[in-house]
Amino acid sequence: MYKMFFLNNFNKKFSKFITPIHSLITRRRTQDEKEYLNSELLILQDINLLMDTPTITPRCFNIEKLHEYSVDVVKVSLIKCDGKPIYVINEPRLPLHLKEAVLYSIEKYLEEYNINPLYEQNDILNYLIDVIEKHEGIKDISTQQYNLLIYYLQKLLSGYGPLYPLLNDDYVEDITYEGSNTPIAVYHKLFSEYRWIDTNIVLSNDYATKIALILSYKIGQPLSITNPYAEGLTYDGHRVSLTLGNELTLRGTTIVIRRRPSHILTIVDLIKNNMLSLEQAAYLMYLIEHQYSILIVGGVASGKTTLLRTLLMLIPHNAKIITIEDTPELQLPHTHWDPLIVRRPRQANTDILNEIEMLTRIALRRRGDYLVIGETRGREARLLVQASTLGYGSLTTFHANSVEAAITRLTSPPISLKRESLATAFNVVMLLGKTYLPGRGYIRRVFGIFELTNNSIIEVFHWRRENDVHIPTNIAEVCSKSLRLKELAEITNKRMNDIMEDILLRREFIHELIERNIRDPADIVNMVTKFYNNIYARGNAGP
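Residues numbered from 1 in each chain as written. Predicted model: local features only at pLDDT ≥ 70, side-chain atom pairs only at ≥ 80, totals over all residues. Heavy atoms only, no water.

*Asks:* Sorry, what's going on with the environment of Arg 259 here?
*Replies:* For Arg 259, the location among the structural elements is in the loop between strand S9 (254–258) and helix H11 (267–272). Given a relative accessible area of 8%, Arg 259 falls into the buried group. For the pair formed by Arg 259 and Leu 166, sequence separation is 93 residues and the distance between their alpha carbons is 9.1 Å. Engagement of the side chain of Arg 259 in a polar contact is seen with the backbone oxygen of Leu 167, the distance being 2.8 Å. (Helix = DSSP H or I, 4+ residues; strand = E, 2+ residues; numbered from the N terminus. Buried < 20%, exposed > 50% of the residue type's maximum accessible area, 1.4 Å probe, protein only. Polar contact = N/O pair within 3.5 Å; in protein donor to acceptor, adjacent residues only side chain to side chain.)

Right under this line is the structure:
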């Protein structure tokens, strides 16, 4: 009954359902979206756009298999094709009679929920499955076909189309499409030494533009000729950057996605991966406890936000944390987390840096214990000086490849901090980087931890590349090198031996987290809170 209808008349029939099904996929109900829903940019006219993944078969004289694994129903192969690495997906096609059943279920959903749609994706999925199971076209299907049907329903509802199998792969960190019929490329955790690896997914410019428009709705920033750039977070946490057509790029529409990791990394993960050492973690935990300010410096994709999020987990529940972000990436399990987000207006000439500065001023009046700016880029750095003098602990990230480069940027326009103010605004500077080690690929490391004074930079920790070790490896040496710890001893009227014992206590606590393999962020914050409650109750080791 539905076969010829599906093949020949789908677009015409389905076009009247564009607005509600588009809302179903984007899952955002903002006033801005409502104003755009009926615009000519709604291009969701072909179900195949979101269900099919256009792939090509690599033509090679010599093929070397590097790795194979499965992601749901999709088979992934990493091969070397005449020496060039390629990420190959083999996605089983959905049989025609099952596509008919999917179309039938969507029609039923739109008839029943056109006015008051369901909001939760699981509710929609369960409804569609119930309808499909009653459809005569799928009687006596195999378990394999049923699993395939569920996969394609989830793919359709996700709105990611051909990007869906890549976003399902936990080994994929980033996805990029640079336009002009180029293959989609991925950054793969297991093969980082190859950097960007081409996939066998190739999109035309028109196809990519349609996907980019759908993605722009998912992040609540609809693309248009007057607004050809969009950046934001999807509902499920992927960071998306888009350009439309040739307005900003020479090669047409572009798509870049930083995939949200399936597991949020914690201090336990970073120490196990040797991104930082146990001694560094204990030192930082102690300074954060006493509300010192920390600047995390590094290049692109060096792990700045990951480290920032990890350090915030060392703050107990009873402290109030105010965060300010342009694109919200921090998700904290703290009870008193007060997240402020920059609102992105449609006007292209709006200065987002002014918005961040305004939110920073607002944050200073909200009586927090810690002020966190996701990324410092402008004059808001001056307000961090004020935050420090008011007693806030502060943490932020900053783009630079060295501490000296960071100081140069911070003391130059438009930030123009005075050199003597840096030590007040940023008591401690952490330098992160991504580097290549033979046989291990690209790794992320804390290259060094430094303390700023009015006229000098003191190196407390450094990373020794030869044997991949963070130096020093004992707390006594850390205490002898750190001016901040000596300063803290004077403020708290403690001896340096007492400070060392305090830090050793925190080292022991973090070591226990590692031994027990506690890797859930909420569990870690609960343990941190319990730890501080116990030591404060004893009347020692507290600020």
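*Asks:* Mind showing me how you'd approach the side chain of Arg 484 here?
*Replies:* As for its placement among the helices and strands, Arg 484 is situated in helix H19 (residues 483–492). Residue Arg 484 is classed as buried on the basis of its relative accessible area of 9%. With residues near it in sequence (within four places) discarded, Arg 484 still touches Leu 287, Tyr 292, Ala 423, Asn 427, Val 428, Glu 451 and Leu 452. (Contact = heavy atoms within 4.5 Å.)

*Asks:* When you look at the sheet that holds strand S16 (residues 441–452) in this model, what are you seeing that I'm missing?
*Replies:* Adjacent strands of a sheet pair through backbone hydrogen bonds, lying either parallel or antiparallel. Read from one edge to the other, the open sheet built from nine strands follows the order S12-S11-S13-S14-S10-S15-S16-S17-S18, with strand pairing classed as mixed. Two strands close off the open sheet at either side, each with one partner strand: strand S12 (337–341) and strand S18 (469–471). Along the sheet, successive strands turn relative to each other by an average axial angle of 20°, direction set aside. Sheet topology note: the strand S17 (residues 457–464)/S18 ladder contains three bridges and is antiparallel. Note on S18: the bridge partner recorded for His 462 is Ile 471. (Pairing = 2+ DSSP bridges. Axes fitted to C-alpha atoms, helices over the stretch in contact; angles between N-to-C directions.)

*Asks:* Quick question: what am I supposed to make of H19 here?
*Replies:* Along an α-helix, residues three or four apart share an orientation, since each turn contains 3.6 residues. Arg 484, Leu 485, Leu 488 and Ala 489 are the residues of H19 that are buried. Down the axis of H19, the buried set is contained in an arc of 145°. They therefore lie on one face. Where H19 is buried, its residues touch helix H12 (278–289), helix H17 (419–425), strand S15 (428–437), S16, helix H18 (475–481) and helix H20 (496–515). A side-chain oxygen of the first residue of H19 lies 3.3 Å from the backbone nitrogen of Arg 484; this N-cap is Ser 482. Backbone geometry just after H19 places Asn 493 at a positive phi near 60°. (Arc of directions from axis to C-beta.)

*Asks:* Any chance you could explain helix H13 (residues 304–312) here in plain terms?
*Replies:* The buried fraction of H13 is high, at seven of nine residues. Among the residues of H13, those classed as buried are Lys 304, Leu 307, Leu 308, Arg 309, Thr 310, Leu 311 and Leu 312.

*Asks:* Would you mind going over the pairing of strand S4 (residues 172–177) with me for this structure?
*Replies:* Regular strands show a simple pattern: their side chains alternate between the two faces of the sheet. In terms of residue burial, S4 counts as a mostly covered element, since six of its six residues are buried. In this structure, S4 lies alongside strand S5 (residues 183–188), joined through four bridges in antiparallel fashion. Pairing of Val 172 across the sheet is with His 188, part of S5. Across four bridges, the pairing between S4 and S9 is antiparallel. Residue pairing across strands places Asp 174 opposite Arg 258, the latter belonging to S9.

*Asks:* How should the state of the cysteines be read in this particular structure?
*Replies:* Should the sulfur atoms of two cysteines be covalently bonded, the bond is a disulfide. Enumeration over the complete set of coordinates arrives at one disulfide. Linked covalently through their sulfurs, Cys 60 and Cys 81 form a disulfide whose S-S length is 1.9 Å. Taking the sign of the torsion about the S-S bond as the criterion, the disulfide between Cys 60 and Cys 81, at about -110°, is left-handed. Separated by 21 residues along the polypeptide, Cys 60 in the loop between helix H5 (47–51) and strand S1 (63–71) and Cys 81 in strand S2 (residues 74–81) bring together distant segments of the chain. (Disulfide = S-S within 2.5 Å.)

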